[in-house]
Amino acid sequence: MERVFAEYLIETPYNVEQAAAVLAGEQSSGTFVSVPGETEELKKRFAARVEDIQLLDLSDMPSIPGGSIPGKKYQKARVKVSWSIENFGYNLPVLISTLQGNLYEITQFTGLKLMDFELPDSFKNHFKGPKFGIQGSKLSCGVTDRPMIGTIIKPSIGMSIDETATLVKSLIDAGIDFIKDDELMGSAANSPFDDRVKAIMKVIRDNEQKTGKKVMYAFNISDEIDEMQRKYDLIKKEEGSCAMISVNSVGLAGTKKICDQGELIIHGHRNGWGMLNRHPLLGIEFPAYQKIQRLAGVDQLHVNGIQNKFWESDDSVVTSIKSCLKPFLGGYEVLPVVSSGQWGGQAVETYRRTQTTDLLYMAGGGILAHPMGPKAGVNALQQAWTGAVDGLSVEEIAQQYPEFAASVKKFSK
């Protein structure tokens, strides 16, 4: 019978083998005490198995509250556990409850993080995955051999519909590929969702008629499921191409419900990510997280950015980008969305470390606050990526392009 495998980073003051066995029991057929009906036959078929344990370093103090044993150190380890697919079939929420459920509550652990998981190929027969992904997203904008260049409406909230539409027109005139609502913008008092969509899409359609280029705008439809569906349908009616979902806010089933329709590109915003990942021994690592979102069908997914304004390290960002580009279930591609305090100066290091242009490269202030205006901001990002792919340094790119040189002067620390 096919099995699902998961790898965890754990910490415990208890015997590691015993603690791992408790995890396997709690997340399958067992509980804190033997119960009638938990026969050997049942356990053989449904009990989780501890497949491998690799001991790591010891700590004097626990990473998070949990059990303690006087005089004992806290042992870190990598633990691999597997379950029969019979336990959950192809029910995605139950799979996630198994991989990430009550195991975080188990007393024996003073640290536990889901690092990654592996699924049998049969899952691709039950999950559609991303409909558009990398190639569909880039094709929609007419982009081929460079990243999509995108930006976010700023200020995040408070602009009127007319002000927003005027800004969208200036960004389109500047040559942008992608624009999105901020995750804080839903349907504000001075910017009702329906009216905003209609005003912005008129600007986008007018430009498409003139130039043939259809700029992608990700409208934030995050809401209750029925209302998300209504907003989704409005975007289709107005000939839009993309909807944005705050995936941690609407939940896995809500995300999948929208993605399964497959008519709009789905931009997955991971706001709240730090709550899931920031502690080194609690939560989930991005290689596992992005697989869950790919199963749900998200086409584009945020990964933070090199030298970003948040807490995440460059190494973590690179790992996230590479995990999105790694094949999963024979396809299921998802476009990494690089964002967070980005401007052209980070393009060189981003390309050096990832060797890919299959990105949506997002800059808010890096475009809108460019000293020569938004058009120069867009040009500077395109120049940065042209130079990065050609192997040029930041200084060499600045010597060739005045718009990029102005970015360096404005944004470099």
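Residues numbered from 1 in each chain as written. Predicted model: local features only at pLDDT ≥ 70, side-chain atom pairs only at ≥ 80, totals over all residues. Heavy atoms only, no water.

Q: Help me understand the overall build of the protein, please; the structure alone is not making it clear to me.
A: The helix and strand inventory of the protein stands at 17 helices and 13 strands. Taken over the C-alpha trace, the protein has a radius of gyration of 24 Å; the compact-globule value for 413 residues is 22 Å, and the two agree within 12%. Its C-alpha atoms give the protein principal-axis dimensions of roughly 70 × 45 × 40 Å. Residue burial in the protein is summarised as follows: out of 413 residues, 53% are buried. Sequence-distant contacts, at least 24 apart, represent 76% of the contacts inside the protein between residues at least 6 apart. Put simply, the protein shows about 18,000 Å² of open surface, and 51% of that area lies on carbon and sulfur atoms. Of the side-chain charges in the protein, 45 are positive and 50 negative, and the distance between the mean point of each set is 2 Å. (Helix = DSSP H or I, 4+ residues; strand = E, 2+ residues; numbered from the N terminus. Rg over C-alpha atoms; globule rule 2.2 N^0.38 Å. Buried < 20%, exposed > 50% of the residue type's maximum accessible area, 1.4 Å probe, protein only. Contact = heavy atoms within 4.5 Å. Areas by Shrake-Rupley, 256 points an atom, 1.4 Å probe, with all protein chains shown as cover. Lys, Arg positive; Asp, Glu negative; His and termini not counted. Charge placed at Lys NZ, Arg CZ, Asp CG, Glu CD.)

Q: Can you walk me through the sheet that holds strand β3 (residues 74-84) in this structure?
A: For sheets, the rule is that strands pair by backbone hydrogen bonds, running either parallel or antiparallel. Taken in spatial order, the five strands of this open sheet run β2-β3-β1-β4-β10, and their pairing is mixed. The sheet is open, and its two borders are formed by β2 (49-59) and β10 (282-284), each paired with just one other strand. Adjacent strand axes in the sheet meet at a mean angle of 15° when their direction is disregarded. Sheet topology places strand β1 (residues 3-12) next to strand β4 (residues 111-118); seven bridges connect them, and they run antiparallel. Along β4, the bridge assignment pairs glutamate 11 with glycine 111. Taken strand by strand, helix α1 (residues 16-26) contacts β1, β2, β3 and β4, and its axis lies near 130° from that of β2. Contacting β4 and β10, helix α11 (residues 286-296) crosses the sheet at an angle of about 50° to β4. (Pairing = 2+ DSSP bridges. Axes fitted to C-alpha atoms, helices over the stretch in contact; angles between N-to-C directions.)

Q: I would appreciate a short explanation of the packing of aromatic side chains in the present structure.
A: Aromatic rings in a pair are described by how distant their centres are and how their planes are angled relative to each other. As enumerated under the stated definition, the model contains 12 aromatic pairs in all. On the basis of an interplanar angle of 50° and a centroid distance of 4.8 Å, the ring pair of tryptophan 273 and tyrosine 289 is categorised as tilted. Here tyrosine 289 lies in helix α11 and tryptophan 273 lies in helix α10 (residues 273-277), a separation of 16 residues in the sequence. Taking the relative accessible area as the measure of exposure, tyrosine 289 reaches 4% and is therefore buried. With a centroid separation of 5.3 Å and 75° between ring planes, the pair formed by tyrosine 361 and tryptophan 385 is classed as edge-to-face. Separated by 24 residues along the polypeptide, tyrosine 361 in strand β13 (residues 360-362) and tryptophan 385 in helix α15 (residues 374-389) bring together distant segments of the chain. Judged on exposure class, the residue tyrosine 361 and its partner tryptophan 385 are both buried. One aromatic cluster is present, formed by Tyr90, Phe123 and Phe127 through successive ring pairs. The cationic tip of lysine 231 hangs over the ring face of phenylalanine 193; the distance from NZ or CZ to the ring centre is 4.9 Å. (Phe/Tyr/Trp six-rings, centres within 6.5 Å; stacked < 30°, edge-to-face > 60°. Lys NZ or Arg CZ within 6 Å of the ring centre and 35° of its normal.)

Q: Can you walk me through the side chain of glutamine 383 in this structure?
A: Within the fold, glutamine 383 resides in helix α15. A distance of 3.2 Å separates a polar atom in the side chain of glutamine 383 from the backbone nitrogen of phenylalanine 404. Contacts of glutamine 383, omitting those with residues within four sequence positions, involve Ile397, Tyr401, Glu403 and Phe404. (Polar contact = N/O pair within 3.5 Å; in protein donor to acceptor, adjacent residues only side chain to side chain.)

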